[in-house]
Amino acid sequence: MNFDFYRTFYYVGKYQNITAAAKALYVTQPSVTHAIRSLERELGCSLFIRSQKGVRFTPEGEKFYASIAAACETIFQAEASLEAAKNFSEGLIAIGASETTLHHYLISILADFRKDHPGIRLKLFNSNTPEMLQEILSGHIDFAVLVLNKGYKHEDLSVTSLTDFQDIMIAGKAFSELGGRTVTLKELMNYPLVSMEKGTLTRQFFNDFFHSSNLAPEPDIELATSDLIVPVIRSGLGIGMVPEPFAEDALARGEIFRLTLEKNIPRREICLIKKKKASLSLIGEAFIQYLLSDNRQVP
């Protein structure tokens, strides 16, 4: 049975009028009459009683309409929802992000995207990079924007570099003797070190940097979030490594200073990560294209 017959029957039953149904369907009255007669012929019974005032249901037609109306309205709602998704006027995007990417890259982009598409709901998952990678692999989130070491690869993940940034080693006024000269990593081993806690990619990066000089750091202070590192160092409790954007304000105020190291700290990347075999929604794909076309860099 042609669904257009059911659609026509729905509108004729809704308005109890052939002319009103034709207007709602953007077709001619003869087309509506033909569809109803074809449907009645296929079903083998009359659905409407015609009169000069319009139409009214037969007992069979009224009972049939109750089921057809529910089915048609479900289909119409599904069509409207799909159209809204295609036009990006409604929907949900589940995005994972680390603390660094949220504060210094992603929030401003999300704000701009929301202005362009106010009907889109944004569900943010914030955790450390290893946990976010696992959430992508398990399918709990669509994709994530995370800090990764350059050259990171995974057989099940697609990794696209968005921008990069520089980490720096900083100290407070309590360690002013380290300023104005080149400092070795071996020398820093004699000072209290501040870092992220174990199990984070930032801590692994910190360790790997010292390991490249055959040193094994044992930080005196381990923190759960990277935004605490600058306040701790500013208070004179130790020396640590942070993304340069995290330290800019304190550096400008002279509360801390940047160490000149004998060895350059490698740059790290902010990357878009998604599961290779996962199929994203139209809205998810649209946001990724928006993200990839954005030329802003980390502040």
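Placed above this text is the structure.
Residues numbered from 1 in each chain as written. Predicted model: local features only at pLDDT ≥ 70, side-chain atom pairs only at ≥ 80, totals over all residues. Heavy atoms only, no water.

Our focus in this paragraph is the side chain of Glu-99. Among the secondary structure elements, Glu-99 is positioned in helix H5 (residues 99-116). Here Glu-99 occupies a buried position and makes no salt bridge, while the nearest side chain of opposite charge, Arg-268, is found at 10.0 Å. Apart from the residues lying within four places of it in its own chain, the contact partners of Glu-99 are Asn-126, Ser-127, Thr-225, Ser-226 and Asp-227. (Helix = DSSP H or I, 4+ residues; strand = E, 2+ residues; numbered from the N terminus. Buried < 20%, exposed > 50% of the residue type's maximum accessible area, 1.4 Å probe, protein only. Lys, Arg positive; Asp, Glu negative; His and termini not counted. Salt bridge = Lys/Arg side-chain N within 4 Å of Asp/Glu carboxyl O. Contact = heavy atoms within 4.5 Å.)

Here we come to the packing of H5 against helix H11 (residues 282-293). Where H5 contacts H11, the axes come no closer than 11 Å and their chain directions differ by 125°. Considering their axes alone, H5 and H11 lie oblique with respect to each other. H5 and H11 meet at a crossing whose hand is right-handed. For the pair formed by H5 and H11, the contact residues are Tyr-105, Leu-106, Ile-109, Leu-110, Asp-112, Phe-113 and Asp-116 on the first element and Phe-287, Tyr-290 and Leu-291 on the second. Its residues assigned to classes, the contact of H5 with H11 shows 8 nonpolar, no polar and 2 charged. (Axes fitted to C-alpha atoms, helices over the stretch in contact; angles between N-to-C directions. Parallel < 35°, antiparallel > 145°, perpendicular 65-115°, else oblique. Left-handed = near helix turned anticlockwise from the far one by under 90°. Nonpolar A, V, L, I, M, F, W, Y, C, P; charged D, E, K, R; others polar.)

Here the focus is helix H6 (residues 129-138). By the burial criterion, the buried members of H6 are Thr-129, Met-132, Leu-133 and Ile-136. With its buried residues spanning 100° around the axis, H6 presents them on a single face. Buried residues in H6 make contact with strand E3 (91-97), strand E4 (120-126), strand E5 (143-149), strand E6 (157-165), helix H8 (201-211) and strand E14 (268-275). The N-cap residue of H6 is Asn-128: its side-chain oxygen and the backbone nitrogen of Glu-131 are 3.0 Å apart. Looking one or two residues past H6, Gly-139 carries a phi angle of roughly 85°, positive in sign. (Arc of directions from axis to C-beta. Polar contact = N/O pair within 3.5 Å; in protein donor to acceptor, adjacent residues only side chain to side chain.)

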